[in-house]
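So you can see what is in the structure, the chains are spelled out below.
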Amino acid sequence: MGQLLCCFVNVADDVEELRMALRRCPPGHPRRFKSLYYLALSLQIRFMQRGVLSDLDEAIELHRAALELYPPGHSDRSESLHNLAISLHTKFEQRGDLSDLDEAIELYRAALELRPPGHSDRSASLHNLAISLHARFRQVGVLSDLDEAIDLDRAALELRPSGHSDRSRSLNNLAVHIQSRFEQRGVLSDLDEAIELHRAALELRPSGQSYRSMSLNNLASSLRDRFKRLGVLSDLEEVIELYRAALELRPPGHSDRCASLNNLAISLRDKFKERGILSDLDEAIELRRAALELLHPAHSIRSAYLNNLAINLRDRFKQQGVLSDLDEAIELHRAALEHSPSGHSDRFMSLNLALSLQARFVHLGVLSDLDEAIELHRAVLELLPHDHSDRSMSLRILTSSLQARFEQRGGLSDLNETIELHRAVLELCPPGNSDRSTSLHNLAISLDTRFKQQGVLSDLDEAIELYRAAVGLCPPGHSDRSTSLNHLAVGLRARFEQGGVLSDLDEAIGLHRASLELYPHGHSHGPLSLNILAINLYDRFKERGGLSDLDEAIELHRAALKLYSLDHFHRPTSLDNLAIILYARFKQRGVISDIDEAIECCRTAVELRPSGHSDRSASLSNLANSLRARFEQQGVLSDVEEAIELHRAALELRPPGNSDRSESINNLATTLYARFEKRGALSDVEEAIELHRAALELRPHGHSHRSMSLDNLAGSLQARFRQRGVLSDLDEAIELHRAALELRPPSHSGRSTSLNNLAISLYTRFRQRGVLSDVNEAIELHRAALELRPPGHSGRSASLNDLAVSLEGRFMRQLILSDLDEAIELHRAALVLRPPGHSDRAVSLNNLAISLESRFVEQDILSDLNEATELKRAALELCPPGNSNRAASLSNLACSLELRFEQQGILIYLGEVIDLSDLDEAIELHRAALELYPPDHSHRSMSLLGLALSLCARFEQLDLSPDLDEAFKLYLQLPKISHAVSLSNINAAKSWATSAEKFHHSSALLAYQTTLRFLDQHVAALSSSSRHFNAVKEALSSLATDAFSCSVRNGSFTTAVELVEQGRAVFWTQLARFRTPLDELSMSGDIGATLAAEFKQLSLRLRNAFDKSTEDQSQHIRQITMQWDDVVSRIRMLPHFSRFLLPPLFSYLQKAAEDGPVIIVNSSNYSCDALIITSSQDPVHVPLYITRVEVLDLSIDFQTLTKGFGSSDPKLELLKIVNILRKLWNKIVGPVVQALGELIQPGSRIWWCPTAELTSLPLHAAGLYEKKSLNLSRFYVSSYTPTLTTLIRARQQLSRDTSTQHFVAIGQANPDGGTELKCVASELAVVAQRLAPVVSFTSLEDSDATVRGAIDALSQNQWLHLACHGIPNPKDPFESSFAMRDGPLKIREIIRSHWQNPEFAFLSACHTTVGDYSSPDEAIHLAAAMQFSGFRSVIGSMWTVDDDVARQVVSVFYEHLVDDSGRLDCTRAAVALHKAMKSLRKKISLEQQIVFVHIGI
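Here's what I pulled together on the structure shown here. (Residues numbered from 1 in each chain as written. Predicted model: local features only at pLDDT ≥ 70, side-chain atom pairs only at ≥ 80, totals over all residues. Heavy atoms only, no water.)

## With respect to the overall build of the chain
Helix and strand counts for the chain stand at 64 helices and 16 strands. Scaling as 2.2 N^0.38, a compact globule of 1497 residues should have a C-alpha radius of gyration of about 35 Å, whereas the chain reaches 49 Å, well beyond that. If one aligns the C-alpha atoms of the chain with their principal axes, the spans along those axes are about 175 × 90 × 60 Å. Looking at the chain as a whole, 56% of its 1497 residues are labelled buried. For the chain, the proportion of contacts with a sequence separation of at least 24, taken over those separated by at least 6, is 66%. For the chain, the exposed area adds up to about 62,700 Å²; of that, 52% sits on carbon and sulfur atoms. Charged side chains of the chain number 159 positive and 195 negative; the gap between the two group centres comes to 2 Å. (Helix = DSSP H or I, 4+ residues; strand = E, 2+ residues; numbered from the N terminus. Rg over C-alpha atoms; globule rule 2.2 N^0.38 Å. Buried < 20%, exposed > 50% of the residue type's maximum accessible area, 1.4 Å probe, protein only. Contact = heavy atoms within 4.5 Å. Areas by Shrake-Rupley, 256 points an atom, 1.4 Å probe, with all protein chains shown as cover. Lys, Arg positive; Asp, Glu negative; His and termini not counted. Charge placed at Lys NZ, Arg CZ, Asp CG, Glu CD.)

## Quick look at the packing of aromatic side chains
Inspection of the entire model under this criterion finds 21 aromatic pairs. When the ring of F1303 is compared with that of F1337, the centres are 5.8 Å apart and the planes differ by 15°; the resulting orientation is stacked. You can see F1303 sitting in strand 8 (residues 1302-1307) and its partner F1337 sitting in strand 9 (residues 1336-1341), a full 34 residues away along the chain. In this structure F1303 comes out as buried when scored by relative accessible area, which is 0%. Residue class for F1337 comes out partly exposed when judged on its relative accessible area of 21%. Where F1402 meets F1492, the ring centres are 5.5 Å apart and the plane angle is 65°; that geometry is what we call edge-to-face. In this pair, F1402 sits in strand 14 (residues 1400-1404) while F1492 sits in strand 16 (residues 1492-1496), placing the two residues 90 residues apart along the sequence. Judged by relative accessible area, F1492 falls into the buried class, the value being 3%. The ring centre of W1247 lies 4.7 Å from the NZ or CZ of R1291, which sits over that ring. (Phe/Tyr/Trp six-rings, centres within 6.5 Å; stacked < 30°, edge-to-face > 60°. Lys NZ or Arg CZ within 6 Å of the ring centre and 35° of its normal.)

## Let's talk about the nonpolar core
By size, the foremost hydrophobic cluster in this structure holds 130 residues, and its most contacted members are W1248, F1378, F1400, M1426, F1453 and Y1454. If we ignore the near neighbours within four places in the chain, the residues touching W1248 are I1159, V1161, V1229, V1232, L1259, H1260, L1272, S1278, S1279, Y1280 and T1281. (Core = buried A, V, L, I, M, F, W, Y, C linked by side-chain atoms within 4.5 Å.)

## As for the packing of helix 21 (residues 412-427) against helix 22 (residues 436-454)
Where helix 21 meets helix 22, the closest approach of the two axes is 9 Å, and the angle between their N-to-C directions is 160°. Taken as axis vectors, helix 21 and helix 22 run roughly antiparallel relative to one another. Between helix 21 and helix 22 lies a crossing whose hand is left-handed. Contacts between helix 21 and helix 22 pair L412, L415, N416, T418, I419, H422, R423, V425 and L426 from the former with R436, S439, L440, N442, L443, S446, L447, T449, R450, Q453 and Q454 from the latter. Here the contact of helix 21 with helix 22 is built from residues that sort into eight nonpolar, nine polar and three charged. (Axes fitted to C-alpha atoms, helices over the stretch in contact; angles between N-to-C directions. Parallel < 35°, antiparallel > 145°, perpendicular 65-115°, else oblique. Left-handed = near helix turned anticlockwise from the far one by under 90°. Nonpolar A, V, L, I, M, F, W, Y, C, P; charged D, E, K, R; others polar.)

## Observations concerning the side chain of S1278
Within the secondary structure, S1278 is located in strand 7 (residues 1277-1280). Judged by its relative accessible area of 14%, S1278 is buried. Here W1248 takes part through its side chain, which lies 3.2 Å from a polar atom of the side chain of S1278. Ignoring any residue separated from it by four or fewer positions in sequence, one finds S1278 in contact with I1246, W1248, H1260, L1272 and H1494. (Polar contact = N/O pair within 3.5 Å; in protein donor to acceptor, adjacent residues only side chain to side chain.)

## As for helix 19 (residues 367-383)
Between its first and last C-alpha atoms helix 19 spans 25 Å; for 17 residues at 1.5 Å apiece the expected length is 24 Å, and the two agree. Turning to helix 19, its buried residues are D369, L370, A373, I374, L376, H377, V380 and L381. Considered in projection along helix 19, the buried side chains sweep an arc of 160° and stay on one side of the axis. (Expected span 1.5 Å × (residues − 1). Arc of directions from axis to C-beta.)

## Quick look at the sheet that holds strand 13 (residues 1383-1386)
Taken in spatial order, the three strands of this open sheet run 11-12-13, and their pairing is antiparallel. Of all strands in the sheet, those with a lone pairing partner are strand 11 (1366-1367) and strand 13, marking the two edges. Relative to strand 13, strand 12 (residues 1377-1380) runs antiparallel, the two sharing four bridges. Looking at the pairing, A1379 lines up with P1384 of strand 13. (Pairing = 2+ DSSP bridges.)

## So, the side chain of H1365
Within the secondary structure, H1365 is located in the loop between strand 10 (1359-1363) and strand 11. In terms of polar contacts, H1365 uses its side chain to reach the backbone carbonyl oxygen of T1315, at 2.8 Å. Beyond its immediate chain neighbours, meaning those up to four positions away, H1365 contacts P1311, T1315, L1317, S1377, F1378, A1379 and A1405.

## Quick notes on the packing of helix 5 (residues 77-95) against helix 6 (residues 98-113)
One way to put it is that helix 5 packs onto helix 6 with a least axis distance of 8 Å and a crossing angle of 160°. By the angle between their axes, helix 5 is roughly antiparallel relative to helix 6. Along this stretch, helix 5 crosses helix 6, giving a crossing that reads as left-handed. Counted together, S78, L81, H82, L84, A85, I86, L88, H89, K91 and F92 of helix 5 and L98, D100, L101, E103, A104, L107, Y108, A110 and A111 of helix 6 form the full contact between these two elements. Across the contact of helix 5 with helix 6, the residue classes tally to 13 nonpolar, three polar and three charged.

## Some remarks on unusual backbone geometry
You will see that A1252, though not glycine, has its phi angle at about 50°, which is positive. Given a relative accessible area of 3%, A1252 falls into the buried group. One non-glycine residue, D1342, lies in the positive phi region at around 50°. Topologically, D1342 is positioned in the loop between strand 9 and helix 59 (1347-1354). Since its relative accessible area comes to 35%, D1342 is described here as partly exposed.

## Structural notes on the pattern of salt bridges
By the definition in use, this model includes 100 salt bridges. One salt bridge in this structure joins D506 and R540, with 3.1 Å as the shortest N-O distance. Here the residue D506 occupies a position in helix 25 (residues 502-517), and R540 occupies one in helix 26 (residues 526-544), the gap between them amounting to 34 residues. The exposure class of R540 is buried, given its relative accessible area of 14%. Here the salt bridges share partners, and the residues they tie into one network are D147, R181, R185 and D190. (Salt bridge = Lys/Arg side-chain N within 4 Å of Asp/Glu carboxyl O.)

Below you can see the structure in the form of C-alpha cells.
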C-alpha cells in the first residue's frame, strides 16, 4: 500500500510550497488535479512521519476533491480512487471507524474494475483490496472477507512472477492472510503454506534489502504460531533467531526497532514458559523496557507496551515470588489504563490490571485486590456489545475472578454467577465456533466445583458430558484433541474420587494414554502428560493394589523429570510427584533405597522453592512425609523430629482460610502420632487428637477427605486409650470409624480400609470388655475387607493377617478349634504374599508360628510345634546381626525349643543319655539374646529370666551344679536394676522367688523382697485406674502370701508383716498412699506444691513409656526414671515426708493393734500360719496345721453353700454350715484363740486380717456349735480389716466436732431392672424411729433414691444406712454396685467421690464383701470401697441377706449404737452388731446370724 507514496518522500517537507501551488490552480485550472493530488500525498507522508491526524484528514478531503475532477471514463480515475482508498484505510487503522474501512474497500473494488486483466496497475489493486478485506475480517470476523482476500492475493502473485520487483510483497501478504485463516480454522496445511511463502519472500529480500527485517519478522510470526500449535521447540528456537536477526537490521533510531524488541521479548517469554529458564524471562523484560523507552509518552501503542512489560513482570513474580515485580506490574497496568481512557479501543487490553491484582490477591490474600479485579473485569464487559468478538474472552476472564473469590469466601452466588457466565460464553460459541470446545470445558470445570460444594450429582454428570462434547469437537488429527482428551480424563477422575467407580478411573487412564501418544517426542506438554498419567496409575494402584501400576507410575515420573532442565519451574513439582510414588512403593515393599531417593527428591524440591514460593508448603509437607516413613522403618528419631518441624513450617504457610490447611493439620497430627508410637509421650498424642479434631472441622459433610479425618482421629483416640485405658476414647473411636465407613459405600476405593479400621477397634474393645458381639462383628468386617482385596491387591496380606488375629482372639475365648484352624490357614496365605524380601515377612512367620503353638497346646500335635519352631528360625534369619529385632527373635525361637523340650526332652533317649539338644540350643539362644541387651535395656530382665529358667531346667535333667549356680547368679542381677520397673521386671523377680523355693535356695527371701519392691515402684508410677490394676493383678497372685510364708519359715516375723502388707490390697494401698500424701504435699507450701506437680507429670510420662510394649523404651525410660528418682528424693528431704511412697515399717504397722490384737491369717502353698499383732511386743506365731489345698476346698464348699441358701432342706444346710464352721475352729481359729488367751481378756475386741481364700470364710463365726461348746463369739468381738494400714488410717481420722450429726437413710425397693425388696420401707421406718430423735435425719426412697441423689446425699451426711440390692461382679469387681432407681451406683463412682468426714455405713444389701475370686487379697468389694472413701466403720454382708432379717437386725443394732450421751459413736458398731446378733440368735437361722460382718474401727 506504500508503493505509490515512496517516490514522493522528497516532497514531504514541501507541504506549504504545494499549498501555494494549489492556490495558483483555482477550480477549472487544467493542473488543479495534479496540485490536489501532490498536496494530499505530501500530507499523507507527513502524517506517517509525525502521526498528526489532521494531516490525514486534510489529505482525504483533497483526494475526494481530486476524485471529483475525474468523472467516470477518465483515464486517471482509477488512480484517484486508489489513493483515496489508501488514505481511508490509514484513517481506519488510526481511529477504528469501520465505515472508513468499508468505504476504502468499495473504492478499491471500483479502482479494480477500471484496471482489467492486462492493466499495469491491476496487481496493485488486487494487493490493496486484499489488505483491506483482511483488515475487515480482523475487525468483524466474516470468513468470506478472508477467503476473498486470499484469492485476491493469489491473483496478484500470479501477476508478479519471479523477477517482479513486488513479488516478495505479494508472497508476504498472501502468507499473512493464509496465516490468519489458520488462526481461525486451525487447518495446519494453511500454516505450513504461510511459512513456505514467508521463506520465499525472505529469499527475495537479501541482506541490505529494506524489507528484509519485515520478512524476518513475518516468518518468525508464522513459525511461532506453528510452535504454539505443535509445541516443536525447534520452531521456537528458529523464531528467536529470526527476531534477533530482524532486530540487528533495526538499529537504534530505526522506526521499527521498538516492534522488533517487543517481538523478540514475546518469543523469549514463550521459551521461558516451555523450558522454565529464568534468563529468558529476564531478557524478555529488559527488551520490553527498551521498547517502552523508544515510545513517545503519548504514543497510541504505549498502553499495550506497558501491559506487556507488566505481564512479563507478573510471570517472573510467579516464578520467583518477588513481590516488587508484581507491585511494579500493577503500577504499569494502572499507567496503561490511564493511557486508555474510557471508550479507547485499547482499554480492554489494558485491563490486564485485573489479572495482576488477582495474582497479588493470591499471594497476599487481600480481598480488596480481588474485588477491584472483578469490578475491572465487569467494566471491560460493559465496553463490549453482545456481538463483539472479544465478549466471550471478557466473560471468561470475569469467570476466573469470580471463581477465585468463591474459593476465598465460599459465596455460592459467585460460583453460580460463574456458571451462568460460562453458559453465556457457550452461547457465543455455537457449533462450528473454534472456541466452543474451550467453553464446554470451562463450564464443565465450574459445574464440577459446584458439585464438590453441594454434592448435586447432576452437576458432575453434566460436567462429564460437556467434557465428552469437547472431545467430540476435536476428532483425530485436530490440534486440540490431546487437550480435550485430558480434560475428559480429569472429569472422570473427579467422579471416581467421589464415587469410587473404578471404570471411571480406567477410562481416565485410557484417555491419558491416548493423549500422550498425540504428543511427539520433544513436545513441551510431554512431561506434564507423563506426570498426569503417572498420578492416575497411582490412584488405581491405591484401589486395586496392582504393583505394576505403581512401577509404571514411577518410570513415567522419571521420564518426565528427565525432560525438565535443572532450572525449569516445573522441576520441583516433578520431583515431588516422583517422591510421593517412591514413598508409596517403599510402604509396599520396604526397599530402603526407594525412601532414600524420595527424601533426596523432596530436599531438592524444597531447595528449588525458597521462602516466599507459593508451593513451598507442599514441598515441605512431602519431605516431612518421606522422613516420617523412613523413621517408621528405621526408627531414627532425628527423622521424625525434622518431619514435625517441617510440618509445622508448612502449616504456618497455610493460614486459616487456605484450602490446604486441613491437609497440613492432618500431616502434623499423623507425624506427632508416629513420634508418640516411638517415645510414648502422651503430649504428642494429645496434640495429635486436637489437630485431627481441627482438621475434621475444616472437612464438613461432603468434603472428599472427611472420611480420612474421621479415621485419623479415631486412630489417635485408640492410641490414647492404649495409654490411659479410658474406654470412652475407644468407644468414640469406634463411632468415628463407623461414620467413616458410611462415607465409603460398597463401590468406594477406601471401603476396605474403613472396614479394616472398624474391625481392629472392635477387636480392641473385645480384648478389653470380652463382649463376643464385638469380636464377631470384627471378624465379619475383616471378611468383607478381604473380599474387597482380591489376589494381587497390595493390602490383601494385611487383611489375611488381621482376620487371622481376630479369629485367634475368638478362639482364646470360646476354644472353637475351627477358628484356630482357619486362622492358621489365613496366616499361611498371608505368608505366601510376603515372599523373601518383603518388609512384613518376619511378622507373618512369627504370627503363623504363634498360631501353630496355640494349636499344639490344644491338640498336642508335635508337628505343629516343630513347624512353629522352624518358622521362628526363618524369622531369625531375617534379623541378621545389627537388626533391632534380633534379640527378640532369638528369645522367641528359644521359647519354642524349650516348649518342645518339655514335651519330648524327657522321653527321648539315645542309649542312656537324654536328648537335650533343644534345651542346649535354647540356652545358647538366650545367651546370645542377653548379650544384645545392655544393662539398662527394658527387655533385659525377661531375657535374663529365659536363660535362668532354661539353666534350671537343664539342672533338673543333669544335676550339674554350675547350671544352677549360673541361674541364680543371673537372678541376683535383678536387685541391681536402676531403671524404672516394668511388669516384666516384676514377673522375672517373681520367677526367681519360685525357683528359689523349688530348689531351696537361700536367696528366696531376697527374691520376695525384690519382687515386692519392684511391685511397689511400678505401682507408684501407675494411675489409679482399674485398667492398670488389671495389668498387675496376675503378678500379685499368691505373691504376698508366699512372701509371708517364706519370712515366717525363716523366723522373720516382723518382715512377714511388712511384706504381706506391702503385697496385699495393692489397689487400695496405692490410692491411700498416693492420694493422701500428695494432697498433704500440695498443701505443705510452694515447694511442696511444685514437687507434687512435677511428680504427677513424671509419673504420667513414665506410665506412657511402660505402655509402649512394642518398642524398646530403655533410653527414654532411663531419662524419665532419673528425673522421677530425683524428685522423689527431694520430696523425702522435706519434713514429715521421709517415708514418701515407701512401704510402712513394722513399727508403724503395729499401731493397728492399739485397741486390740490384729490376727493375720495366711494361706500359702508352702505353709499356713497366723501372726498375732499386739501393740507392745513382737508378733506371736501360731502354726496352722492345714494346707492351702484344704483352705481352698473349704472356700469352694462354703461359696457353693451360700449360693444355694434357702433352696434346699434347712436342716441339711445347717449341718453343712456347722461342719465348715467346726473345721475353721479346729484348724484355724481354735489355735489362734488359744494363743490369744495368754494375751487378752475374754470379751475383748479382735481384728481378723485374712489372706487368699481365707477372705471368703466366716472366721468370726467359727466354733463347734454344740451345747456349751467353744464358739468364737463367746470369747471375743470380731471385726475385719483388709490391711493394717487401712485400720490405722481409720483410727487417725478423728470425728468432726459438731453438735449435729447428719444421717441419711437410702432405700431402693424397686431398682432399675431388679426384683422388688418388700421390707425396705419398713426397714427405713425402723431406722428413722430409732435415730430421728437424736440426729439430723434424711430419708431417700423410691424415685428419690437415684445414683445422683445418693452421691449428693453422701456429700452432705456423715452417717449412712443403705437398704437395696447389692450386685457383686466377681469377674470385674470395679463394676460391683448398689442398685438405684435409675441404674447402678458402681465402685468406680464411689472411689472417685471425695466426701467430707464420713463416719459409719450400714450396708443392708447382699454380697457387699464379695470381691474378685481370682484376686481375693485385693478386697475389691462394696464394703471396702466405702471404707476407702473415708467411712471409718462399715457393716456389710458376706452373702444374701433376708429382707425381713435385715429389718430385725437394724432395729436392735441402732439401739446399741447410740451412747449414753445420746450421740452416735462409730466405734460402738462392732459391739452393737455383736449384741444384736446375740439377741436374735433364737429368732433367725444360723446362716443369717453370721451373714453380717464389721469392718474398721
